[in-house]
Amino acid sequence: CGRGPGGCRGGRTDMALRCAASLAAGRQPRGPRQEGTVRWSSAAKASAVKINEKASREKILTLESMNPQVKAVEYAVRGPIVLKAGEIEKELRKGIKKPFTEVIKANIGDAHAMGQRPITFLRQVVALCTYPNLLDSPSFPEDAKKRARRILQGCGGNSLGSYTASQGINCIREDVASYIERRDGGVPADPDNIYLTTGASDGISAILKILISGGGKSRTGVMIPIPQYPLYSAAISELDAIQVNYYLDEENCWALDVNELRRALNEAKAYCNPKVLCIINPGNPTGQVQNRKCIEDVIHFAWEEKLFLLADEVYQDNVYSEGCQFHSFKKILYEMGPEYYNNVELASFHSTSKGYMGECGYRGGYMEVINLHPEIKGQLVKLLSVRLCPPVSGQAAMDIVVNPPVPGEESYAQFIKEKESVLNNLAKKAKLTEDMFNKIPGVHCNPLQGAMYAFPRIFIPSKAIEEAKAHKMAPDMFYCMKLLEETGICVVPGSGFGQREGTYHFRMTILPPVEKLKILLEKVKDFHIKFLEKYA
């Protein structure tokens, strides 16, 4: 506004605020520079006091007034044990003495943080997309430049810094569809059914959000495996849906039994409307790989009971045990015939974060959704458009996962060498972890068929259970906290993933380098033996 001789109203307000700040600090406020003594009116002083009083009023947002669904959310992978690990790291940096020199964070599947080297070709393409001037550099191979140019042509202004379509860059969705067709032996995939996401988690949350409805006994029930990845229980809590647990069979290498699915479904019908079935294959935290017969049984069950299937397949490249093979739900669904393939609604998820890539920070992912009602498809795109688009660098990284170098291209030999090195190393560490755990008294670990975690069962003596109760902790949380405080090893208690009553576990990633992993496992062994002796 134009300023008159007395200044505008905004100017007087600003002056009052400066006055308030000065009075609050115990200083005499200064007015504008003018001749004579500055005199503050009683109204200005009253305004200053009033503003100061407002600073101490009650907060609008408190634990009592906040969204109760958010308060109910728990995410064990980054829960209290991880916060404690952060505190210990700060103490170590200050020179406070501990029985160890570093905290080993084995709580989360963050491959690069654990020392895994990036795949060169993926980083080359993303670098070229990020800084296109490098396209003129002879230091980059032509096959990487070709992919970068294609991705940039799909971006507004040929820049990774532009927004993309909410569903993702079209040429990358085409590449995802081609990848799915190759993976599944020719089963057709439509780019229009592909949605690029901010990691797989974003897609899972979006699908759950659009699925959940009703109230009371008609509220949507979501069937999840126990043990489960805590994203599912967290999303269900946030959306105020009903969690329906079905238990994996630990005595049978964490197998999924359709009879258990039926038990869980029938019991849940008394208090909710179960209409979603979540499957994690390969399993997290349990590492099992489902065989073809199991997948067929699950699909038939979903078809029979009219359940929407969610297939979390982010570990599809991580299969280690002989005789185990990854089968996608999409492929098996197609091979079961048109009665199934044309009717079962299925959302499948993949990510840049796991596999051999380990590119967690790019937050790249996709979901393929088939047999979705056309009107719901529009609603899903609308929902995704609220977050505008997934990170474009993550979309570019996802493209290299589904469109890697092929035989005859310049980068193929190095790419295959790096990929196989990562996967062979993980297979070696999976076997090492299983063998070493099973040599510890009071610990049992099922074969790590896939994924990147061990989920051993641990015996906790009754005296330790009583002490845990006295500290208001779950027994396995008490165990894991003691392990952290005495060895510096950070793992996640099984109670954060769910487990059968009276059993105790923890989840530990197998990502540390082999030599560090051996040291870690030896430390766990020594700790566990001392723990048993102390509480026997």
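Residues numbered from 1 in each chain as written. Predicted model: local features only at pLDDT ≥ 70, side-chain atom pairs only at ≥ 80, totals over all residues. Heavy atoms only, no water.

Visitor: Sorry, what's going on with the sheet that holds strand β14 (residues 506–509) here?
Guide: Strand pairing in a sheet relies on backbone hydrogen bonds. The paired strands run either parallel or antiparallel. Pairing in this open sheet of 3 strands is antiparallel, and the strands run β10-β14-β13 from one edge to the other. The open sheet has two free edges, formed respectively by β10 (453–454) and β13 (492–493), since each of these has just one partner strand. Direction of pairing for β13 relative to β14: antiparallel, over a ladder of 2 bridges. In the sheet register, Val492 faces β14, and the bridge partner there is Arg507. (Pairing = 2+ DSSP bridges. Helix = DSSP H or I, 4+ residues; strand = E, 2+ residues; numbered from the N terminus.)

Visitor: What should I look at first to understand the confidence of the model for the protein in this one?
Guide: One rule of thumb: low pLDDT means the predicted coordinates there are not for detailed reading. Per-residue pLDDT for the protein has a mean of 89; in total, 89% of the residues score no lower than 70. In this model residues 1–13 is a low-confidence stretch, pLDDT under 50, and it forms 3 contacts with partners more than four residues away in sequence or in other chains. Low pLDDT, under 50, characterises residues 31–36; the predicted model gives this stretch 4 contacts beyond four residues in sequence or across chains. (pLDDT = per-residue confidence, 0-100. Contact = heavy atoms within 4.5 Å.)

Visitor: What's the story with the pattern of salt bridges in this structure? I'm lost.
Guide: Two side chains carrying opposite charge are able to pair once their charged atoms lie near each other. Tallying each qualifying case throughout the model produces 25 salt bridges. Here Arg123 ties to Glu359 by a salt bridge, and the two come within 2.9 Å at their closest N and O atoms. Placement of the pair is Arg123 in helix α5 (residues 120–130) and Glu359 in the loop between β7 (346–351) and β8 (364–370), with a sequence separation of 236 residues. Overall, the relative accessible area of 34% leaves Arg123 in the partly exposed class. Note that Arg387 is salt-bridged to Asp202, the shortest N-O span being 3.2 Å. Of this pair, Arg387 sits in the loop between α14 (374–385) and α15 (392–402) while Asp202 sits in helix α8 (residues 199–211), and the two are 185 residues apart along the sequence. (Salt bridge = Lys/Arg side-chain N within 4 Å of Asp/Glu carboxyl O. Buried < 20%, exposed > 50% of the residue type's maximum accessible area, 1.4 Å probe, protein only.)

Visitor: In this structure, what is going on with the packing of aromatic side chains? I would like to understand it.
Guide: Aromatic rings considered in pairs are described by the distance between their centres and by the relative angle of their planes. A full pass over the atoms with the stated rule returns 14 aromatic pairs. Pairing Tyr334 with Tyr341 gives two aromatic rings, centres 4.5 Å apart and planes at 85°, and the pair type is edge-to-face. Assessed through its relative accessible area of 18%, Tyr341 is described here as buried. Seen in terms of ring centroids, Phe478 and Phe531 are 6.4 Å apart; in terms of plane orientation they differ by 55°. Their pairing is tilted. Of this pair, Phe478 sits in helix α18 (residues 475–487) while Phe531 sits in helix α19 (residues 514–535); the two residues are 53 residues apart in sequence, bridging distant segments of the chain. We note Arg507 situated over the ring of Tyr453; from NZ or CZ to the ring centre the distance is 3.9 Å. (Phe/Tyr/Trp six-rings, centres within 6.5 Å; stacked < 30°, edge-to-face > 60°. Lys NZ or Arg CZ within 6 Å of the ring centre and 35° of its normal.)

Visitor: Can you help me understand the side chain of Ser348 in this one?
Guide: Inspection of the secondary structure assignment puts Ser348 in strand β7. Not counting chain neighbours up to four residues away, the residues in contact with Ser348 comprise Ala311, Glu313, Tyr366, Met367 and Glu368.

Visitor: Would you explain the packing of helix α7 (residues 170–183) against α15 in this entry?
Guide: Packed helices, taken two at a time, are described by the angle between their axes plus the distance between the axes. Two elements in contact, α7 and α15, have axes separated by 9 Å at closest approach and are oriented at 30°. The orientation of α7 with respect to α15, classified from their angle, is roughly parallel. Taken as a pair, α7 and α15 cross one another with a handedness that is left-handed. On the side of α7, the interface is formed by Ile172, Asp175, Val176, Tyr179 and Arg182, while α15 contributes Gln395, Ala396, Asp399 and Val402. (Axes fitted to C-alpha atoms, helices over the stretch in contact; angles between N-to-C directions. Parallel < 35°, antiparallel > 145°, perpendicular 65-115°, else oblique. Left-handed = near helix turned anticlockwise from the far one by under 90°.)

Visitor: How should I be thinking about the pairing of β7 in this particular structure?
Guide: The side chains of a regular strand alternate between both faces of the sheet. Burial of β7 is extensive: 6 of the 6 residues sit out of reach of the surface. On β7, burial covers both faces: Leu346, Ser348 and His350 on one face and Ala347, Phe349 and Ser351 on the other are all buried. Examined bridge by bridge, strand β6 (residues 308–312) and β7 share 4 bridges and lie parallel to one another. Residue pairing for β7: Leu309 is matched across the bridge by Leu346. The pairing of β7 with β8 spans 6 bridges and is classified as antiparallel. Of the residues in β8, the one forming a bridge with Ser348 is Glu368.

Visitor: I tried to follow the state of the cysteines on my own but got confused; where do I start?
Guide: Here a disulfide denotes a covalent bond joining the sulfur atom of one cysteine to the sulfur atom of another. Scanning all chains against the criterion turns up 0 disulfides. Here Cys253 stays free of any disulfide, with the sulfur of Cys324 as its closest cysteine sulfur at 7.4 Å. Cys253 gets classed as buried once you look at its relative accessible area, which sits at 18%. Cys445 carries a free sulfur, and the closest cysteine sulfur to it, the one in Cys253, is 9.2 Å from it. (Disulfide = S-S within 2.5 Å.)

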